[in-house]
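A structural walkthrough
Chain residues, written in single-letter form:
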Amino acid sequence: MPNGFSVRYDQVSVFSRGDGVETRLLVGKENAADTPFTSGTTVFPPGCGAPLHSHNCAEQVTILQGTAEAMINGKTNVLGPLDTSFVPANAPHYFRNTGAEPLIILWIYGAQDVTRTFTETGETVPHMSARDQV
């Protein structure tokens, strides 16, 4: 039986994604070999967001702080704290900070091995790899 564990947010390494965007991996294959999902947070400074992209698995995104424009499969919504989105696998989407404070999102992917495919270029990269930039 695997052991459970807790994550201290202030002790999680920051993955810089460009333009001041910072991602932290909370639970994934790197620290929980048996996990069926991957989760973490991303902080977007005002005016920043992810480019249009898709993943090889479903994703849930919950807004923890700030205001976001969320586009999923061509439909755009404005979201605030605790609003949650479901993004099906392979669905083009983005989240952008439209407010004056940092946008903090909690994301949960339904897989251990997550990829990101950038819609504009068609390039597919491993999640949180050197090429996974905004």
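Given the structure is predicted, the values throughout are model-derived calculations rather than measurements.

Points about the nonpolar core
Core analysis: the biggest nonpolar cluster contains 21 residues, and Phe44, Ile63, Phe95, Leu103, Ile105 and Trp107 have the highest contact counts within it. Contributing elements (two or more residues each) for this core: strand E5 (59-65), strand E6 (68-72) and strand E10 (103-109). No other element matches the four residues that E10 contributes to this core.

Looking at the pairing of strand E11 (residues 115-118)
Burial of the side chains of E11 is restricted to one face: Arg116 and Phe118 are buried, whereas none of Thr115 and Thr117 on the reverse face is. Two elements, strand E4 (residues 53-55) and E11, share three bridges in a ladder whose sense is antiparallel. Across the sheet, residue His53 finds its bridge partner in E11, namely Phe118. In this sheet, strand E12 (residues 124-126) lies alongside E11 in antiparallel orientation, the contact comprising three bridges. Across the sheet, the residue bridging to Thr117 is Thr124, located in E12.

Parameters and conventions
Residues numbered from 1 in each chain as written. Predicted model: local features only at pLDDT ≥ 70, side-chain atom pairs only at ≥ 80, totals over all residues. Heavy atoms only, no water. Core = buried A, V, L, I, M, F, W, Y, C linked by side-chain atoms within 4.5 Å. Buried < 20%, exposed > 50% of the residue type's maximum accessible area, 1.4 Å probe, protein only. Helix = DSSP H or I, 4+ residues; strand = E, 2+ residues; numbered from the N terminus. Pairing = 2+ DSSP bridges.

These figures come from the coordinates and say nothing about function on their own.
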